[in-house]
Amino acid sequence: MNQNNSSRFTPILLAICLVIGILIGTFYANHFSGNRLNFINTNSNKVNDLLRIIDDQYVDTVNMTDLVEQAMPRILSELDPHSSYISAKDAEASMESLKGSFSGVGISFTVQNDTARIIDVLKGGPSEKVGLLAGDRIISVDGKNITGKNITADECQKRMKGQKGTKVKLGIYRMGEKKTLYYTIVRGDILVHSIDATYMLTPETGYIKINSFSETTYPELLVSLAELSQKGFKNLVIDLRDNGGGIMQTAIQMANIFLPKNRLILYTEGRKSPREEYKSDGRGTFQNLPLVVLVNENSASASEIFAGAMQDNDRGAIIGRRSFGKGLVQQPIEFRDGSLIRLTIARYYTPSGRCIQKPYEKGHGDEYENDLMERYERGEFFSQDSIRPKGPQFKTRLGRTVYGSGGIMPDIFIPEDTSDVTSYYKEARMSGLMQQYALNFTDAHRQELKGLNTIEEIVHFLDRQNVVGNFADFAQHRGLRRRNLMLYQSRKLFRKDLYAFIINNSKDIELFYEFINSNDPAILCAVKVLAEGKAFPQAPEKSSDKK
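This section reports on the structure supplied with the text.

Calculation criteria
Residues numbered from 1 in each chain as written. Predicted model: local features only at pLDDT ≥ 70, side-chain atom pairs only at ≥ 80, totals over all residues. Heavy atoms only, no water. Helix = DSSP H or I, 4+ residues; strand = E, 2+ residues; numbered from the N terminus. Buried < 20%, exposed > 50% of the residue type's maximum accessible area, 1.4 Å probe, protein only. Contact = heavy atoms within 4.5 Å. Areas by Shrake-Rupley, 256 points an atom, 1.4 Å probe, with all protein chains shown as cover. Salt bridge = Lys/Arg side-chain N within 4 Å of Asp/Glu carboxyl O. Phe/Tyr/Trp six-rings, centres within 6.5 Å; stacked < 30°, edge-to-face > 60°. Lys NZ or Arg CZ within 6 Å of the ring centre and 35° of its normal.

**Thoughts on the overall build of the chain**
Piece 1. Of the regular secondary structure elements, the chain holds 20 helices and 21 strands.
Piece 2. Expressed as a percentage of its 547 residues, the buried residues of the chain come to 43%.
Piece 3. Considering only contacts within the chain whose residues lie at least 6 apart along the sequence, 68% involve residues at least 24 apart.
Piece 4. Surface accessibility of the chain: about 30700 Å² in total, with carbon and sulfur atoms responsible for 52%.

Dropping the structure here:
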């Protein structure tokens, strides 16, 4: 009898125990591990409720899609300066520089005097195949006029870009032709090169200019190194100035080329991202090649990963000015409508253990962006003594001191040269008149420039044209008063800039870099360091107490 009663109440007891267990578990979950989750759920519901209330009760009709699109960037801006939202219509364009290609017609152009003017036509590209020429003016796209005060470069680009294999019809004005010329172009894949120049600075020193870190940068670098090998290079300068970065993995691949086996390149770590280390595999072909890396205040992200790996491993000399200071890792997360966010999930650390992310306050993006201007104003671009490293000290493999929290500090500082800068020169640069004059000059002398193949030939030709004096006259007719004394004082700067613009308008970008590098202080310093055999840093001397 007792046994039967016991059996009868067993299910009830089990049920009571289960309920008590759930209650206890819920209590502990709510008070300990579940607080964060409940907070998120409550507030996300609050946001949804707010949107429903606005949609239902607001005094005017509201486009809820636009409201959400405007809110997304604001929310992410409260996290850090590099978490960002990209709308569906902009997502594809934002990935082009990383992918290394896009679909288009294969021209470079600028909008000047209310008209799009073609600067360069890609060799072998769709536009060259149908006969477009540098100097042509684009006046219509698919029958729609694209001239006038309201036309922008972005608008022209959007109209000309499209899916591979589709057609676009351009109306062209060409000097010497009385009628508008029409060309139908089949859009194709256009490669976006991340290496602008590869050439020999001296008979023994090679130079490679890298503008970004994309999916194609590593194979491009291998091609450049092979080209320099054929020319017998024994030293190398890698120019990362004004390189805003890109793909982290590309920087790791590049660093691997120059490092011995099992050297730490960097590691990443975040709240939800366990520490992950990236080391060299020892397969790099140029592990002992004397190396100099050039950086400046616009070298960021992947540029800093590469420069930091070389510096912390005492692998090469870093020359220039303090780099930007971006040490946050973003992960792209796509939404169903094609939009995406780039969310910061970790920090990256150089081999010595330093995070070079410069300080920031959440929600103060404007102050963060003004950091470079503040550096300029306090004289950091002109004097090494003005640099104020705030982060902790770290040690390289050989024991040299490096600093965290604020970019890569160069081993050799190169100040920005302002000795010949005048207010007249500044005004001319800011006005855009120098670019306008250079483009007009290029159009007027395109045939003559076409027959010149070396920097020496081009400079000799331009010296005979009185380019600087003619520019001053050109600018005065457009409202910039000629100031002869300041023109004389800044003549070298005017000459360099105007010649560079003309070369860029008429020749390959490699010739442009050959010209601007010819008297560049950082380049001259790099060549000197390599010639003196000082590319490999030395361990600091140990101080000994005198007895």
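**Quick word on the pattern of salt bridges**
Piece 1. Within this structure, the stated rule accounts for 31 salt bridges.
Piece 2. Here R446 ties to D443 by a salt bridge, and the two come within 2.6 Å at their closest N and O atoms. The two residues R446 and D443 agree in class, both being buried.
Piece 3. Sharing partners across several salt bridges, the network here consists of R322, K358, D371, R375, R378 and E380.

**Overview of the packing of aromatic side chains**
What describes a pair of aromatic rings is the distance from one ring centre to the other and the angle between the planes of the rings.
Piece 1. A complete count under the given rule lists 15 aromatic pairs for this structure.
Piece 2. Considering the side-chain rings of F258 and F306, the 6.0 Å spacing of their centres and the 80° angle between planes classify their relative orientation as edge-to-face. Linking F258 in helix α8 (residues 248-258) with F306 in helix α9 (residues 302-312), this pair joins segments that are 48 residues apart in sequence. Judged on exposure class, the residue F258 and its partner F306 are both buried.
Piece 3. Linked through ring pairs, Y424, Y425, Y437, F441, F471, F474 and F494 together constitute an aromatic cluster.
Piece 4. A cation sits over an aromatic face here: K169 above Y182, 5.1 Å from the ring centre.
Piece 5. The lysine or arginine in question, R275, covers the ring of Y267, its NZ or CZ lying 3.6 Å from the ring centre.

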